[in-house]
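# Per-entry structural report
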Amino acid sequence: MKVTKMKGKSVDEATKSAVEVLGGKVEDAKVRVITEGKPGMLGMIGGEQAEVEVTLKEGRAEDGRHLLQEVLDKMSFMTMVEASLDGERVNLKVKGEDMGRIIGKEGATLKCLETLVGTMLGRLYGERIRVSIDADGYKEKRSKALERLAKDAAQEVVESGKEKVLPPMSAADRRIIHMALQDEAGLTTYSKGEGKDRRLVIAPK
Amino acid sequence: MKELVEYIVKALVDNPDKIEVKETAGDYVTILEVRTAPEDVGKVIGREGRIANSLRSIAKAAAAKQNKKITVEIITDEERPAG
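Since this is a predicted model, take the numbers as computed values, not measurements. Throughout, residues of each chain are indexed from 1 in the direction in which the sequence is written. Labels follow written order: the first chain is A, the first ligand is 1, and so on. Totals for whole chains, interfaces and linings use every residue, but because this is a predicted model, local features are given only for residues with pLDDT of at least 70 and side-chain atom pairs only at 80 or more, for both listing and counting. Side-chain measures were taken over the full set of non-hydrogen atoms in the model, leaving aside hydrogen atoms and water.

Turning to the overall build of chain B, a few remarks are in order. Helical segments are the DSSP runs of H or I of at least four residues, strand segments are the runs of E of at least two, and each set is numbered from the N terminus. For chain B, the helix and strand inventory stands at three helices and three strands. Only the C-alpha atoms count toward the radius of gyration. The rule for a globule is 2.2 Å times the residue count to the power 0.38. In terms of overall dimensions, chain B is globule-like: its C-alpha atoms have a radius of gyration of 12 Å, near the 12 Å expected for 83 residues. Along the longest, intermediate and shortest principal axes, the C-alpha atoms of chain B span 35 × 30 × 25 Å. Counting all 83 residues of chain B, 42% fall into the buried class. With a 1.4 Å probe rolled over the protein chains alone, any residue whose accessible area is under 20% of its type maximum counts as buried; one over 50% counts as exposed, and the rest are partly exposed.

See below:
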């Protein structure tokens, strides 16, 4: 995304020149009117110019990358953010120094960054956008570990014929396990409990 | 730290020019007070305080890197002192 302020005879004209300066299309512009302006007598005399702030969208992946990079820069972390699209979801990967602090305890800080950048991006596009942020491969490693845990537990259930209840986990973690076991024959998975105590159950079919 | 909070909050509201962030640096703790247009308060707080809590965590993580402590307060209009 690129942002600029522009004045003009009218809101429309100011917007048009801002878009021209930024080098994009009017349909990608989000316009905030600073002053409406007033038409004056005889052209501009006595009138007041309109002023707008135009944000030019450059695609949700690139805009998500830009927003996260700005946030990390302002947090004084030396990082590089890469972005990609996975269907509807924006995937952002962070590399750089001090990754432990960016990840936080059990990924808590990453989750907060996801909430904020996701909401900022959603506001820009006027719709809900799912954003996933990973730092230093943390999520990838964690999801591999969860998949291993799921397979081991599934094996146990197959052998014993009894259902197994896993420890409480976040929705994102449970989702990884549901997905990992969805194609296992003879098994089914569901969750029980509420809030922080919600646990996934692996049961024989 | 003020710049970080200001940047995030401005991207969340309808009236970014109404955002005021006041920074008070104490010996142990820095306090950031965020004021918004009355109709934008909910956007900064979020459902069940999700946005505000995330904002606090991020500010804390940034402050911790500099061995500092920080508190972020979102001021609603009723709390605004007269004058």
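Next comes the rest of the description.
Let us look at the interface of chain A and chain B. Buried accessible area, meaning the area lost when the parts come together, often serves as the stated size of an interface. Here, two residues are considered to be in contact whenever any of their heavy atoms come within 4.5 Å of each other. Between chain A and chain B, the residue contacts involve 21 residues of the former and 23 residues of the latter. For the pair chain A and chain B, the summed buried surface comes to about 2000 Å²; carbon and sulfur atoms form 67% of the total. When residues of chain A are sorted by the area they lose upon contact with chain B, Lys74, Leu116 and Arg123 of chain A head the list and together hold 32% of the total. Throughout this description, the term salt bridge denotes a Lys or Arg side-chain nitrogen within 4 Å of a carboxyl oxygen of Asp or Glu. In this assembly, chain A and chain B are joined by five salt bridges. Two residues, arginine 32 of chain A and aspartate 17 of chain B, come together in a salt bridge whose shortest N-O distance is 3.4 Å. Two N or O atoms form a polar contact when they lie within 3.5 Å of each other; inside protein one atom must be a possible hydrogen donor and the other a possible acceptor, and for residues adjacent in sequence the pair counts only when both atoms belong to side chains. Here chain A is connected to chain B by five residue pairs in polar contact (both at pLDDT 80 or more). Every element with two or more residues in the side of chain A that touches chain B is listed here: helix H2 (60-74) and helix H4 (108-125) of chain A. Broken down by element, the residue count for the side of chain A that touches chain B peaks at eight residues, all from H4 of chain A. Lys, Arg, Asp and Glu make up the charged group, whereas Ala, Val, Leu, Ile, Met, Phe, Trp, Tyr, Cys and Pro make up the nonpolar group; the residues left over, Gly among them, are polar. Taken together, the residues that form the side of chain A that touches chain B break down as eight nonpolar, five polar and eight charged. The buried area of a pairing is the accessible area, by a 1.4 Å probe, that goes missing from both parts when the two are put together, added over both.

Right, let's get into unusual backbone geometry. The backbone of glutamate 106 of chain A sits at a positive phi, close to 50 degrees, despite the residue not being glycine. The topology assignment puts glutamate 106 of chain A in the loop between helix H3 (99-103) and H4. Given a relative accessible area of 66%, glutamate 106 of chain A falls into the exposed group. One non-glycine residue, glutamate 48 of chain B, lies in the positive phi region at around 50 degrees. Structurally, the position occupied by glutamate 48 of chain B is in the loop between helix H2 (41-45) and helix H3 (50-65).

Let us look at the nonpolar core. In this text, buried Ala, Val, Leu, Ile, Met, Phe, Trp, Tyr and Cys residues form a nonpolar core when linked through side-chain atoms within 4.5 Å. Counting 50 residues, the largest nonpolar core has Leu68, Val71, Met75, Val94, Ile102, Leu113 and Ile133 of chain A as the members making the most contacts within it. In terms of residue count, the dominant contributor to this core is H4 of chain A (nine residues). Those residues within four positions of methionine 75 of chain A in sequence are excluded, and the remaining contacts are Leu113 of chain A together with Leu4, Ile58, Ala61, Ala62 and Lys65 of chain B. Listed in part, the 13 residues of the second largest apolar core include Ala153, Ala154, Leu181 and Leu187 of chain A.

We now examine H4 of chain A. All names here are of chain A. By this rule, a helix spans an expected 1.5 Å times one less than how many residues it contains. In a regular helix each residue adds 1.5 Å, so 18 residues correspond to 26 Å; H4 covers 26 Å between its end C-alpha atoms and thus fits that length. In terms of burial, H4 is largely enclosed, as 14 of its 18 residues are buried. Count one or two residues on from H4 and you reach glycine 126, which has phi positive near 70 degrees.

We now examine the pattern of salt bridges. Working definition: two side chains of opposite charge can pair if their charged atoms are close together. As enumerated under the stated definition, the model contains 22 salt bridges over all chains in all. In this structure, arginine 60 of chain A and glutamate 127 of chain A form a salt bridge, with 3.1 Å as the shortest nitrogen-oxygen distance. Taken as a pair, arginine 60 of chain A in helix H2 and glutamate 127 of chain A in the loop between H4 and strand S6 (131-135) lie far apart in primary sequence, 67 residues in all. Among the residues examined, arginine 60 of chain A registers a relative accessible area of 19% and is labelled buried. The shortest N-O distance in the salt bridge between aspartate 197 of chain A and arginine 199 of chain A comes to 3.3 Å. Via salt bridges that share partners, Glu97, Asp98 and Arg101 of chain A together with Lys65 of chain B belong to a single interconnected network.

Residue and element names in this part refer to chain A. Within the fold, arginine 198 resides in the loop between strand S8 (187-192) and strand S9 (199-204). Looking at arginine 198, the relative accessible area reads 26%, which means it is partly exposed. In this structure the C-alpha to C-alpha distance between arginine 198 and glycine 8, which are 190 residues apart in sequence, comes to 57 Å. Arginine 198 has contacts with Pro168, Met169, Arg174, Ser191, Lys192 and Gly193, leaving out every residue within four places of it along the chain.

Two elements in contact, H4 of chain A and H3 of chain B, have axes separated by 9 Å at closest approach and are oriented at 125 degrees. On the basis of their axis angle, the class for H4 of chain A and H3 of chain B is oblique. For the pair H4 of chain A and H3 of chain B, the sense of crossing is left-handed. Along the contact surface, H4 of chain A presents Thr109, Cys112, Leu113, Thr115, Leu116 and Thr119 of chain A, while H3 of chain B presents Arg50, Ile51, Ser54, Leu55, Ser57, Ile58 and Ala61 of chain B. Considering only residue class, the contact of H4 of chain A with H3 of chain B consists of seven nonpolar, five polar and one charged. For every element, the axis is a line fit to its C-alpha atoms; helices are fit only across the contacting stretch, and the angle between N-to-C directions ranges from 0 to 180 degrees. Any angle that falls under 35 degrees is termed roughly parallel, while one over 145 is termed roughly antiparallel, one within 65 to 115 roughly perpendicular, and all others oblique. Helix crossings get a hand from a simple test, with the near helix turned counterclockwise from the far one by less than a right angle marking a left-handed crossing and a clockwise turn marking a right-handed one.

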